[in-house]
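Structural description and commentary
Residues per chain, in single letters:
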Amino acid sequence: MNGILNKLDVNSVLNYSIALAIVLGVKLISPIIARIIIGIFHKLFKIEKKSHESGFYGPLKFEIALIGFGIAIHFLELAEGIVNLYYKIFRILTIIAISKAIANCLSTDSTFFSKLGKATKFNGNEALNAFISKLLKVLVYTTGAFIVLSELGYDLGGLAAGLGIGSAALALAAQDFVKSIIGGISIITDKTFEIGDFIEVGTFQGTVIDLTFRSTKVKDLSNAIIAIPNSVIVTEYVKNWSKLENRRLEMKLRLDLNSSTETINRCMSNITTMLKTDKDVIDKTVSVRLSNIENDANIILIVAYINTAAYDEFMLIKERINCNILEILEKENIELVYPTQKVYMKSI
């Protein structure tokens with residue numbers, strides 16, 4: 001009797017050892033098999049991409065390892081209930097792996113988007129591609145989730161009926177979300193801005209770093225990330241500073257009332273010449289005028305357009321121009337005056 005038991009124990013240990021070896025062996029060779037399969041696929045469809053960079057590589061490697069696990073279970077000749085449970089888990093994990101593989105292939109840098117662009121001559125910007133990619137991924141994962149629920153035995157017809165009963169409440173709760181999605185579509189189709197643009201929406205300013213279904217993410221000047229609902233953006237005025245071809249320079253000089261007309265004219269002429277000869281100023285846009293005479297100062301209005309859209313570069317040019325103007329005023333012995341207010345006191 002002991003001899004039989006020992007024989008059974010030895011056989012069990014041997015079987016489990018072989019099963020473990022199968023699992024580990026398939027796990028080790030799964031990357032190689034996945035590379036070979038994807039390599040053949042790439043050659044057939046003339047895809048110039050390394051096998052391990054494919055969106056199918058990870059899910060396919062996982063699927064091969066899963067098959068190896070199934071072979072090990074069959075080798076052990078386990079109870080029918082355990083085998084059936086494996087088959088159910090296998091189908092569910094396969095659905096998830098397929099969904100993941102398809103979603104990976106719908107990334108903006110995938111072969112799918114490049115092939116689509118060549119076939120349809122589609123010239124979408126980065127934000128539009130990202131939006132379409134996320135929308136397609138949601139559809140893929142949603143479809144996969146419904147298939148998994150069906151595999152688990154849920155009645156999708158009953159689920160749909162349940163959703164129908166609560167559809168009114170759901171519609172009210174999702175109202176803002178739907179508005180944001182529509183707003184996101186409007187932003188993309190109108191090409192109001194793209195990822196990387198510096199925008200101003202209401203009191204918010206910053207660089208667009210992402211555009212999702214619900215919101216637009218902006219990194220402000222303090223490097224804080226702000227999520228602005230798309231429904232808010234479409235109802236606000238949006239300034240896209242990145243679309244500027246040049247920037248407007250405008251300033252007012254308040255000259256002392258004691259300055260003579262000849263001195264003021266000479267000063268305006270020198271400022272005009274300085275601006276028109278500056279390589280960063282569009283000479284046809286230069287305007288230097290004595291715009292007003294007030295109680296405490298003569299007002300000179302200076303307007304010109306700077307040939308840059310970059311804010312930092314504009315500020316450097318503006319600083320240089322300001323210094324040049326101060327030098328001209330110093331040479332003409334003209335003093336700038338501050339706004340003043342006279343207060344009269346009546347003694348009683």
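Below: a short report on this structure.

Time to look at the overall build of the protein. A tally of regular secondary structure across the protein gives eleven helices and eight strands. Across the 348 residues of the protein, 31% fall into the buried class. As displayed, the protein has an accessible area near 22,900 Å², and 61% of this comes from carbon and sulfur atoms.

It is worth spelling out the packing of helix α10 (residues 261-276) against helix α11 (residues 311-331) at this point. Closest axis-to-axis distance for the α10/α11 pair is 10 Å, and the angle between their directions is 150 degrees. Relative to α11, α10 is oriented roughly antiparallel. α11 is crossed by α10, and the crossing has right-handed handedness. Contacts from Cys-267, Asn-270, Ile-271, Met-274 and Leu-275 of α10 reach α11 at Ile-321, Asn-324, Ile-325, Ile-328 and Leu-329. By residue class, the composition of the contact of α10 with α11 is eight nonpolar, two polar and no charged.

With 21 residues, α11 should cover 30 Å at 1.5 Å per step; its first-to-last C-alpha distance of 30 Å lies within 8% of that length. When we look at burial in α11, the residues that qualify are Phe-314, Ile-317, Ile-321, Ile-325, Ile-328 and Leu-329. Buried residues of α11 fall within an arc of 120 degrees about the axis and therefore sit on the same side. Away from the buried face of α11 by more than 90 degrees, exposed residues Asp-312, Leu-316, Glu-330 and Lys-331 are located. Elements in contact with the buried residues of α11: β6 (247-255), α10 and β8 (298-306). Asn-333 occupies a position one or two residues after α11 and carries a positive phi of about 55 degrees.

Calculation criteria
- Residues numbered from 1 in each chain as written.
- Predicted model: local features only at pLDDT ≥ 70, side-chain atom pairs only at ≥ 80, totals over all residues.
- Heavy atoms only, no water.
- Helix = DSSP H or I, 4+ residues; strand = E, 2+ residues; numbered from the N terminus.
- Buried < 20%, exposed > 50% of the residue type's maximum accessible area, 1.4 Å probe, protein only.
- Areas by Shrake-Rupley, 256 points an atom, 1.4 Å probe, with all protein chains shown as cover.
- Axes fitted to C-alpha atoms, helices over the stretch in contact; angles between N-to-C directions.
- Parallel < 35°, antiparallel > 145°, perpendicular 65-115°, else oblique.
- Left-handed = near helix turned anticlockwise from the far one by under 90°.
- Contact = heavy atoms within 4.5 Å.
- Nonpolar A, V, L, I, M, F, W, Y, C, P; charged D, E, K, R; others polar.
- Expected span 1.5 Å × (residues − 1).
- Arc of directions from axis to C-beta.

Fair warning: the whole summary comes from geometry, so function is off the table for now.
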